Amino acid sequence: MPRPAFLDLARPSRRHWLGYLLLLPAVLLIGLIIVYPLFVSVDLSFQNVGIPRLDQPRRPFTTANYERLFTSPEFWNASWITLKLVVIVSFFCFLLGLGTALLVNNRFRGQSLARLLVALPWAVPEVVAVVIFAWIFDSSFGLMNWVFIKLGLINTTINWFSSPEAAFAVVCVTMIWKGYPFVSIMMLAGLQSIPEDFYNAARVDGANAWQRLTNITLPSLMPVLGVTLILVMLWVFRDFSIIYVMTGGGPLKATQTLSIMTYEQAFGFFKMGYASAVGVVTLIVCVIASRLLMGRAPETV
Amino acid sequence: MRRSLRGSALLYTGVVLTCALLVFPIYWLVVTALSTPAELRALPPTFWPSAPRWNVFAEIVQQRPILLWLGNSILAAAGAVTLSMLVSVLAGYSLSRFKLRGGQSLGLFILTAKMLPATLLVIPLFGIFRMTGMIGSLWSVILAHATLIVPFTTWMLKGYFDTIPRELEQAAMVDGCSPLGAMVRVILPVSAPGLAATALYGFVLSWSDYAYARTFLTNAQTNWTANLGLTTMKGEYVSNWADISAASLVVALPVLLIYLFLERYLVGGLTAGAEK
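Analysis parameters
- Residues numbered from 1 in each chain as written.
- Chains lettered and ligands numbered in written order.
- Predicted model: local features only at pLDDT ≥ 70, side-chain atom pairs only at ≥ 80, totals over all residues.
- Heavy atoms only, no water.
- Helix = DSSP H or I, 4+ residues; strand = E, 2+ residues; numbered from the N terminus.
- Buried < 20%, exposed > 50% of the residue type's maximum accessible area, 1.4 Å probe, protein only.
- Contact = heavy atoms within 4.5 Å.
- Areas by Shrake-Rupley, 256 points an atom, 1.4 Å probe, with all protein chains shown as cover.
- Core = buried A, V, L, I, M, F, W, Y, C linked by side-chain atoms within 4.5 Å.
- Phe/Tyr/Trp six-rings, centres within 6.5 Å; stacked < 30°, edge-to-face > 60°.
- Lys NZ or Arg CZ within 6 Å of the ring centre and 35° of its normal.
- Expected span 1.5 Å × (residues − 1).
- Bend = angle between axes of the 7 residues up to and from the residue.
- Polar contact = N/O pair within 3.5 Å; in protein donor to acceptor, adjacent residues only side chain to side chain.
- Buried area = accessible area lost by both parts, 1.4 Å probe.
- Salt bridge = Lys/Arg side-chain N within 4 Å of Asp/Glu carboxyl O.
- Nonpolar A, V, L, I, M, F, W, Y, C, P; charged D, E, K, R; others polar.
- pLDDT = per-residue confidence, 0-100.
- Patch = residues over 30% accessible without salt bridge, like charges linked within 9 Å, V, L, I, M, F, W, Y side chains within 5 Å.

### Here we look at the overall build of chain B
Consideration 1: When you go through chain B residue by residue, the secondary structure sums to 13 helices and zero strands.
Consideration 2: Listing every helix and strand of chain B by position from the N terminus yields α-α-α-α-α-α-α-α-α-α-α-α-α.
Consideration 3: Each principal axis of the C-alpha atoms in chain B carries an extent, and together these give about 75 × 70 × 30 Å.
Consideration 4: In chain B, which comprises 276 residues, the share counted as buried stands at 54%.
Consideration 5: Long-range contacts, defined here as pairs at least 24 residues apart, represent 71% of the contacts in chain B between residues at least 6 apart.
Consideration 6: Total accessible area computed for chain B in this model is approximately 11,900 Å², and 67% of it derives from carbon and sulfur atoms.

What follows is the structure in structure tokens.
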């Protein structure tokens, strides 16, 4: 079949032009503030630049940033910290989020209030969450030291932000509190889309609560579970505000993730070429990981 | 199915415990803001101040330009949301109603844009804003926040428009409306709740940003957003937790109110499409 002429407005297909026209502003804006900057940062990652001057000719092409990156212990340390953080935070977000969703999905009085409260931390700005937990874990007068001493877990107060392990733990706790309500919200939505008939049929067949959970609830939740897992992992992977405001990546780089390292290199040491290389690697990991996990991207979210 | 008495007791205990643990940090923020410095240093901790210092809010507003920072946050969010809504209403409608060549891949690209690390994008944006002289002005933050908001709002709105029957605009077109007129006069009014929820969601994203404001607005204190101002208080007032907590409450309040009043819509938008 011959293709229609370029601007054949007499054909019924001309309505499509309206569709393209409506997309145009979004395409222009995204091109200007996302696609073009993305090209710029890839370009920067192949130059030896401090503070980029985009109005001046580019520096010569070099792969030095990437070579330095892959041979630097700092990068591998940041990768390891990021991986630890992603695994620990996502795991607890899922455990607690799924548990809470199953709990609140039961019918009881005050259910809507409970749902409102359970998702509340999701709405708290990250910086405010940091203020809350930095105070709770304050080394002199924080609540957590008092609780731990009362419980007999420790004898003297812990200086949470000067010990690498403790600081990492505090960051994890903050991120879990802030992040797991999102999992609850998504899981609740998933639970509500499972038809009641499934459960009734299973009860007739004599399935107990555990069997109903493993044979109906979890398999039906799988698609939502997958999407939510990706979103949570990406959030932890890329998060900047919580860690930067709370610990700045320290102590002894114990909380320096790839995001923090990118930012520090760019705006702490003004090595923007090198920082862009870290950022580009981060982005590639993000895209590959989400494609691997997601498979069928377009319909979801 | 009726639950046994023991089952109910367990259920209620579990629900109350979970809610208490989740809400406690916010409660603790309120207590801290209202306590006197002596109470904050007391052991055991004071779980409700004997004489709540309600005037702490008036005090911090006098001591620091918090109202100015809040105003900047409102301006930045209003600008970013207006810009984002203008483009994403059109794009969301187009993605929902037209099967376009390249539409699918554009949608996919927008989805990928949600995965961009802000710390990567902030570097070229810094260069671009420096070149155009926008560093330090709220315009830089408005544009940068649009990178956060547009991917979300476009997908939320596409999902919302998908739930509106096509017959509505077909009927309007039979009555002589142009395709564009049908969208503006029929579909947009019907979508008002969805548009409002989406816009508020964008507002929350902009309001909560720290990374972009921290990078682009550092030179003049008068241009700081609320989140940025708040973190500087955490840095210098190491011991004054009551003031920091009071400021945090002021900063968090707009978003918490939006959430409490519009929970149903916000959560609905967040989970749209995830149930498939």
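Next, the rest of the story.
### Brief notes about the nonpolar core
Consideration 1: Leu69, Leu85 and Val89 of chain A together with Phe216 of chain B are the most contacted members of the largest nonpolar core, which totals 188 residues.
Consideration 2: Among the elements that line this core, the one with the most residues is helix α7 (residues 164-192) of chain A, at 16 residues.
Consideration 3: In this structure, valine 89 of chain A is in contact with Cys172, Met175, Ile176, Trp235 and Val236 of chain A, ignoring residues within four places of it in sequence.

### Some words on the packing of aromatic side chains
Consideration 1: As enumerated under the stated definition, the model contains 33 aromatic pairs over all chains in all.
Consideration 2: With a centroid separation of 5.9 Å and an interplanar angle of 45 degrees, the aromatic rings of phenylalanine 24 of chain B and tyrosine 27 of chain B are classed as tilted. Of this pair, phenylalanine 24 of chain B and tyrosine 27 of chain B both sit in helix α1 (residues 5-34), separated by three residues, roughly a single helical turn.
Consideration 3: What makes phenylalanine 24 of chain B partly exposed here is its relative accessible area of 25%.
Consideration 4: Each residue in the set Trp146 of chain A together with Phe24, Tyr27, Trp28, Phe47 and Trp48 of chain B is aromatic and connected to the rest through ring pairs, giving one cluster.
Consideration 5: Just above the ring of tyrosine 274 of chain A sits the side chain of arginine 68 of chain A; from NZ or CZ to the centre is 3.8 Å.
Consideration 6: Sitting over the ring of phenylalanine 168 of chain A, lysine 84 of chain A keeps its end group 4.6 Å from the ring centre.

### Some points on helix α9 (residues 209-238) of chain A
Owing to its 3.6 residues per turn, the α-helix brings residues three or four apart onto one side.
Residue and element names in this part refer to chain A.
Consideration 1: Over its 30 residues, α9 runs only 38 Å from end to end, short of the ideal 44 Å by more than 12%, given 1.5 Å per residue.
Consideration 2: In the structure, α9 departs most strongly from a straight axis at methionine 222, where the bend amounts to approximately 55 degrees and where the proline proline 223 lies between one and four residues downstream.
Consideration 3: The residue sitting at the N-terminus of α9 and contributing the capping side-chain oxygen is asparagine 208; that oxygen lies 3.2 Å from the backbone nitrogen of tryptophan 210.

### Topic: the interface of chain A and chain B
Consideration 1: At the junction of the two partners, chain A supplies 99 residues and chain B supplies 96 residues.
Consideration 2: Interface area, chain A with chain B, both sides summed: about 9,000 Å², of which 78% is carbon and sulfur.
Consideration 3: Counting every contact that joins chain A to chain B gives zero salt bridges.
Consideration 4: Where chain A meets chain B, there are eight residue pairs in polar contact (both at pLDDT 80 or more).
Consideration 5: Sorting elements by how many residues they give to the side of chain A that touches chain B places helix α1 (residues 15-45) of chain A first, with 21 residues.
Consideration 6: Of the residues that constitute the side of chain A that touches chain B, the class distribution is 72 nonpolar, 15 polar and twelve charged.

### Description of the pattern of salt bridges
All names here are of chain B.
Consideration 1: Under the defined criterion, the tally for this structure stands at four salt bridges over all chains.
Consideration 2: Residue arginine 97 pairs with glutamate 169 through a salt bridge whose shortest N-O separation is 2.9 Å. Here arginine 97, found in helix α4 (residues 66-97), pairs with glutamate 169, found in helix α8 (residues 167-174); they are 72 residues apart in sequence, far enough to count as distant.
Consideration 3: The buried category is assigned to arginine 97, whose relative accessible area is 6%.
Consideration 4: The class for glutamate 169 is buried, based on a relative accessible area of 4%.

### Some words on the side chain of glutamine 265 of chain A
Residues and elements named next belong to chain A.
Consideration 1: Mapped onto the elements, glutamine 265 comes out in helix α11 (residues 258-268).
Consideration 2: Exposure remark for glutamine 265: the relative accessible area of 3% places this residue in the buried category.
Consideration 3: Setting aside residues up to four positions removed in sequence, glutamine 265 forms contacts with Glu74, Phe270, Lys271, Tyr274 and Ala275.

### Some thoughts on unusual backbone geometry
Residues and elements named next belong to chain A.
Consideration 1: A positive phi angle, near 55 degrees, is found at leucine 252, a position not held by glycine.
Consideration 2: Looking at the element boundaries, leucine 252 is found in the loop between α10 (241-246) and α11.
Consideration 3: Classification of leucine 252 as exposed rests on a relative accessible area of 77%.

### Structural notes on the confidence of the model for chain A
Residues and elements named next belong to chain A.
Consideration 1: Per-residue confidence for chain A gives a mean pLDDT of 86, with 93% of residues at or over 70.
Consideration 2: Note on residues 1-11: pLDDT under 50 across the span, and seven contacts to partners over four residues away in sequence or across chains.
Consideration 3: Taken together, the stretch residues 297-301 has pLDDT below 50 and engages in 18 contacts with residues farther than four places along the chain or on a different chain.

### Description of a nonpolar patch on the surface
All names here are of chain A.
Consideration 1: Together, Phe91, Phe92, Leu95 and Leu96 make up a nonpolar patch on the protein surface, roughly 370 Å² of accessible area in all.
Consideration 2: Structurally, phenylalanine 91 can be placed in helix α3 (residues 73-104).
Consideration 3: For phenylalanine 91, a relative accessible area of 48% corresponds to the partly exposed category.

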